[in-house]
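Single-letter residue listing:
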Amino acid sequence: MKLRRKILLAIILLVFIPVILMGSISYYSFSRAMENKSNNFYWVSLLETDRKLKFALNEVTTVSNSAIAQPLIQQLVKQPNFTVTYDQKQDINNLINHPMITSFGLYSKDKLQYQFNEAMSFQELKQQSWYGAMEAAEGRPVWVGPGENGSAAAGKPVLIQARLIKDYYSLEDIGALVIYVKPDILDQVFWDAVTLKQGDILLVNKQGNIVFDKSGSYIGERTEFPFLTQEEPEGKGYYTAKYQGERSLITYLPSHNKDWYLVAITPSKLIASESNSIRNIAIVLVLVSLISAFLFDRFFVRRLVRSIIGAVNGMKRVQQGIFVPITSSVRSEDETDLLVDGFNRMSTQISELIEQVETEQARKKEFELQALVAQINPHFIYNSLESINSLAVLQGNKEISKMVVSLGKLLRISISENQQLITLAMEMEHVRHYLDIQKFRFEEQFDYRIEIPESLKYYMTQKLIVQPIVENALYHAIEPMKEKGLISITAKEDDRDIMIDVTDNGPGFSLDRLMNLWSKDDGNKNYRGTGVGLRNVHERLRIRFGSRYGILICSAPGHGSTIRIRIPKLLHDSTAVKR
């Protein structure tokens, strides 16, 4: 959709239609917004309350976890006739000690073994509604709130933690621990809970009993919240319904204790009172916006859109490589005209710079490639002719023809200036002829092995990249050796590139020796002394394919050398460009 149409549509949707419908829509929208705001507010408050509740209850759980594993308590509940001494009583009281714990009872399988302050008898324990839940928990703590255990109705509210005690070694049930905790621990948690005016936060179990509430007015009462009957509640949520005879926003969140829910109650009239003032302000603002919209469109939008459309069309032409200035029939002498003028100047400069850079890069690349390729050929021809001459003097003419054939095939690739990219198979064939010639010279001083997968033979590569590496290995690794040398040439691939490894079993070299060979300022200018082959190959690969490609040298004194050549995967119809 065109920009002009978008702006006109926005004016219609945001001004004209709201003027007609704002009386009904604004109130509903703001009421929903305030409802969502209240829900989010309470959800954060419930989340923080549950975090504090978990932390507070975990303090007591940590005490009981430590106590039931102690040998004294284990022995007490396992031996029905165990007699507790005064010192042992002190030890037990110290083990189950917390500022919020008022009393506790230790039970064997059939009776109360020990109590601090007051605790129910074993028969009373078995009659409690939560006794089955304690057994089903298999030693995990079960919490029973004041609104669940009947203590709130009796006027002495207390929070109970009950858990089975298992044998430390066999994990068999040997008894139970019931801890009575002051309800102040819940008071502290719920007192810090943030609520709106006249709001309340409840702790409700799945049976609908109010375990605890912030106001303290409804502990022990029964409620009918719909989410309590769901088999798998969806987690946090909210809805609007009547509570205590008043329509309210009810926000709920499952507690960390799977048997409890945290519920926040907010009277709907409190939310509505917040939205009424916002509704009145919105109506006034819309009326003002209606008048402003006409003026805005008349004096600004129409001309601005025209200038922007002109600039966008100009940018599209630039993307296509067409650098045509933007023309403007009406000038208003403001920022829109500066935008058009600036774009025209930028377009002209970009066109000139692109043309200049392309020309300079093409010339620079051609000169560098020609200079670098020419750097190898004279040295190679010189060394090959030197080998042929030595063979002719020492062995006569029988073998010269074989060397001349190999040399001719080498020179065919070396001097083909119009063909910078050749197949990997042709490059390896060039290396093979070179090594065959050198075999005549070095006789049985070395062997070589060339392994290239059939799938890689027809990928294209820069010519004369492997032979200089092999020549470097011959002169710097094989020639100084007394035992027989070996040069191995292998090729492999990954997703994007081809790696060619040239490995020798020579004496290797140190980092200082490598840097000396690599240095461009080395005083020895003959080919065998400067390492020009390594540097030449690396620079040609970087110029042709980009900085990602080149050679990697791995060597250490006494462990031979491996030189890896990395090139991109290029088929015959690929274009080699810098990446």
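You'll find the structure just up there.
The model shown is predicted, which means the values in this text are computed figures rather than measured ones.

Asker: Give a description of the overall build of the protein chain that names residues and reports values.
Answerer: Per the secondary structure count, the protein chain includes 14 helices and 17 strands. Burial analysis of the protein chain (579 residues in total) assigns 42% to the buried set. Of all intrachain contacts in the protein chain linking residues separated by at least 6 positions in sequence, the fraction that spans at least 24 positions is 62%. Element-wise, carbon and sulfur atoms account for 55% of the exposed surface of the protein chain, whose accessible area totals about 32000 Å².

Asker: Provide a residue-level description of the packing of aromatic side chains, including the pertinent values.
Answerer: A full pass over the atoms with the stated rule returns 15 aromatic pairs. Residues Phe 104 and Tyr 114 carry aromatic rings whose centres are separated by 6.1 Å and whose planes lie at 40 degrees to one another, so their mutual orientation is tilted. A residue pair is termed long-range when its members are at least 10 positions apart, and Phe 104 in strand S1 (residues 101-107) and Tyr 114 in strand S2 (residues 112-116) qualify at 10 residues. The pair Phe 104 / Tyr 114 is uniform in exposure class, with both members buried. Measuring from ring centre to ring centre gives 5.4 Å for Phe 190 and Phe 212, while their planes differ by 55 degrees; the resulting arrangement is tilted. Note that Phe 190 is positioned in helix H6 (residues 184-191) and Phe 212 in strand S7 (residues 210-213), a separation of 22 residues in sequence.

Asker: An account of the sheet that holds strand S9 (residues 246-254) is needed here, citing residue identities and associated values.
Answerer: Judged by pairing direction, the sheet is antiparallel, and its 5 strands sit side by side in the order S7-S6-S10-S9-S8 without closing on themselves. The two strands at the open ends of the sheet, each matched to only one other strand, are S7 and strand S8 (237-243). Recorded for the sheet is a direction-independent mean angle of 30 degrees between the axes of neighbouring strands. Pairing between strand S6 (residues 200-205) and strand S10 (residues 260-267): 6 bridges, direction antiparallel. Each bridged residue has a counterpart across the sheet, and for Val 204 the counterpart in S10 is Tyr 261.

Asker: Break down the sheet that holds strand S5 (residues 173-181) for me, with residues and values.
Answerer: With antiparallel pairing, 5 strands are arranged side by side in an open sheet as S2-S1-S5-S4-S3. Here the strands that pair on one side only, and so sit at the sheet edges, are S2 and strand S3 (142-144). With direction set aside, neighbouring strand axes in the sheet form an average angle of 15 degrees. Bridge count for S1 against S2 is 4 bridges, and the pairing is antiparallel. Each residue of the ladder has a partner; that of Phe 104, found in S2, is Phe 116. Seen against the sheet, helix H3 (residues 86-95) touches S1 and S2 and runs at an angle of roughly 70 degrees to S2.

What counts, and at which threshold
- Residues numbered from 1 in each chain as written.
- Predicted model: local features only at pLDDT ≥ 70, side-chain atom pairs only at ≥ 80, totals over all residues.
- Heavy atoms only, no water.
- Helix = DSSP H or I, 4+ residues; strand = E, 2+ residues; numbered from the N terminus.
- Buried < 20%, exposed > 50% of the residue type's maximum accessible area, 1.4 Å probe, protein only.
- Contact = heavy atoms within 4.5 Å.
- Areas by Shrake-Rupley, 256 points an atom, 1.4 Å probe, with all protein chains shown as cover.
- Phe/Tyr/Trp six-rings, centres within 6.5 Å; stacked < 30°, edge-to-face > 60°.
- Pairing = 2+ DSSP bridges.
- Axes fitted to C-alpha atoms, helices over the stretch in contact; angles between N-to-C directions.

Scope: geometric values only; no functional claims are made or implied.
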